[in-house]
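# An overview of the molecular structure
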Amino acid sequence: MPSKTLRFPSPRHLHQLYAGREENLAYAEQHLGAKLISRDDWLKIEGDEKDVARADALFGFLNDARAQGVAIRTPDFHRFVDSIARGEIDRLKALFGEPLVISTQRKTIVPKTLGQKLYLQSIQKNPVVFGIGPAGTGKTYLAMAAAVSALLKNEVQRIVLTRPAVEAGEALGFLPGDLREKIEPYLRPLYDAMGDMIAPEDVARLTEKGVIEIAPLAYMRGRTLSHAFIVLDEAQNTTPEQMMMFLTRLGEDSRMVVTGDVTQIDLPRAKLSGLLEVQRILNDIPGIEFHQFSGADVVRHPLVLKIIEAYERYKNPMGNDDKS
């Protein structure tokens, strides 16, 4: 029977490739047909020549992903196995043929999960991308990093960051100050993320010159945004009318990323979320891509993933949740 033994720098290195779970090796055996035997720092693959080659390719891609900074979790491992089982080896070669690095003024950003890498590749290839998923997956942060990188490379002339100013159980009208002071709390997360990537004094200078604009969604009405990288955050709080208004602002040589979490809608109960509706309307249009994040893509404190999973179990007690 054909076999092949793969050796790795350490047992820990090997364990990281299958998220340290023996059941993941069993999952690969079931879907790829090869037998996998793991000991210390080596992995033996047994089976038909074709099955051995597929399992060998699997761990080659997993090793490439790890080398590029991706933390392999159980759902990621399953994605790799399923892709190879479907014969998508060329797709994985394209995905990991070269590292994906986003350079900004203050830091270099690399995707930490397979979902993040697919998302960034979508942003690079499509004029309009929707990033949908739970808190902590990096959907807005990565979109802003891509925007800053595009500006620094002179691929766009300006960045426009926007959010709908929706009251999340608080009376905005009773807050002290003028209109700008009232909407500032809604835009603060965007300023904070931008400060991670560009020096604060440069953010202030570029904002004053109009190269960076951070404004409520209502300020977009009636405009055409050309030669710009536009990010709409918290898009679950747009109405269908606002979503259509925003998307039709797209001008010449511009790119858009729309991010949101459909489990965090703050609209009045009678109002439909534009983010929920738009997936049904635009799903089949070339150049528009929808990327769904899962709990496996959460990169905040490990407890954040456990909190998200607990809420999912509470809301859907009969469902099966992904484990990382």
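These lines cover the structure that appears in this document, whether it is placed above or below. (Residues numbered from 1 in each chain as written. Predicted model: local features only at pLDDT ≥ 70, side-chain atom pairs only at ≥ 80, totals over all residues. Heavy atoms only, no water.)

### A closer look at the pairing of strand β7 (residues 158–163)
Consecutive residues of a regular strand have side chains that alternate between opposite faces of the sheet. A large share of β7 lies buried, amounting to 5 of its 6 residues. Relative to strand β9 (residues 228–232), β7 runs parallel, the two sharing 5 bridges. Residue Ile 159 lies in a different strand from β9, and its bridge partner there is Phe 229. As judged from the 5 bridges shared by β7 and strand β8 (residues 212–216), these two strands associate in the parallel manner. Bridging across to β8, Arg 163 finds its partner in Pro 216. (Buried < 20%, exposed > 50% of the residue type's maximum accessible area, 1.4 Å probe, protein only. Helix = DSSP H or I, 4+ residues; strand = E, 2+ residues; numbered from the N terminus. Pairing = 2+ DSSP bridges.)

### Details of the pattern of salt bridges
If the charged atoms of two oppositely charged side chains come close together, the side chains can form a pair. Under the criterion given, the structure shown has 11 salt bridges. A salt bridge links Lys 4 to Asp 56; its shortest N-O distance comes to 2.7 Å. Residue Lys 4 is located in strand β1 (residues 3–7), and its partner Asp 56 is located in helix α3 (residues 49–67); the two are separated by 52 residues in the primary sequence. Judged by relative accessible area, which is 38%, Lys 4 ranks as partly exposed. The salt bridge involving Glu 46 is made with Lys 44; its shortest N-O contact spans 3.3 Å. Through salt bridges that share partners, Arg 163, Asp 233 and Glu 234 make up one connected network. (Salt bridge = Lys/Arg side-chain N within 4 Å of Asp/Glu carboxyl O.)

### Section: the pairing of β9
For β9, the buried fraction is high: 5 of the 5 residues fall into the buried class. The pairing of β9 with strand β10 (residues 255–260) spans 4 bridges and is classified as parallel. Bridge pairing in β10 places Phe 229 opposite Arg 255. Chirality of the crossover, the property in question, places the unit of β9, helix α10 (residues 240–247) and β10 among those that are right-handed. (Right-handed = clockwise from strand over helix to strand, strands pointing away.)

### Brief notes about the side chain of Arg 255
Mapped onto the elements of the fold, Arg 255 is located in strand β10. Within polar-contact distance, the side chain of Arg 255 engages the side chain of Glu 155 at 3.3 Å. Other than its neighbours up to four places away in sequence, Arg 255 contacts Ile 123, Gln 124, Pro 127, Ala 150, Glu 155, Ala 228, Phe 229, Ile 230 and Leu 250. (Polar contact = N/O pair within 3.5 Å; in protein donor to acceptor, adjacent residues only side chain to side chain. Contact = heavy atoms within 4.5 Å.)

### Overview of the packing of helix α2 (residues 22–32) against helix α4 (residues 74–85)
At their nearest, the axes of α2 and α4 sit 10 Å apart, and the two run at 15 degrees to each other. Considering the angle they form, α2 stands roughly parallel to α4. The way α2 lies across α4 gives a crossing that is right-handed. Judged by residue contacts, Asn 24, Tyr 27, Ala 28, His 31 and Leu 32 of α2 engage Thr 74, Phe 77, His 78, Val 81, Asp 82, Ile 84 and Ala 85 from α4. Here the contact of α2 with α4 is built from residues that sort into 7 nonpolar, 4 polar and 1 charged. (Axes fitted to C-alpha atoms, helices over the stretch in contact; angles between N-to-C directions. Parallel < 35°, antiparallel > 145°, perpendicular 65-115°, else oblique. Left-handed = near helix turned anticlockwise from the far one by under 90°. Nonpolar A, V, L, I, M, F, W, Y, C, P; charged D, E, K, R; others polar.)

### What to know about the nonpolar core
General note: in soluble globular proteins, nonpolar side chains tend to be found buried as a group. Grouped together as the largest cluster of nonpolar side chains are 35 residues, with contacts concentrated most on Tyr 119, Ile 123, Leu 161, Met 194 and Phe 229. When residues of this core are traced back to their parent elements, those giving at least two are α6 (114–125), α7 (139–152), β7, α8 (179–197), α9 (200–209), β8 and β9. For this core, the element with the highest residue contribution is α7, accounting for 9 residues. Apart from the residues lying within four places of it in its own chain, the contact partners of Leu 161 are Met 144, Leu 190, Met 194, Glu 213, Ile 214, Ala 215 and Val 231. Of all hydrophobic cores here, the second largest spans 32 residues; its members include Leu 25, Leu 32, Leu 43 and Leu 58. (Core = buried A, V, L, I, M, F, W, Y, C linked by side-chain atoms within 4.5 Å.)

### Here we look at the sheet that holds β7
Taken in spatial order, the 6 strands make up an open sheet running β8-β7-β9-β10-β6-β11, and their pairing is parallel. Two strands lie at the open edges of the sheet, namely β8 and β11 (288–292), each paired on one side alone. Here the average twist between neighbouring strands, direction ignored, is 15 degrees. Contacts from α6 reach β6 (128–132), β9, β10 and β11 within the one sheet, and its direction differs from that of β10 by about 150 degrees.

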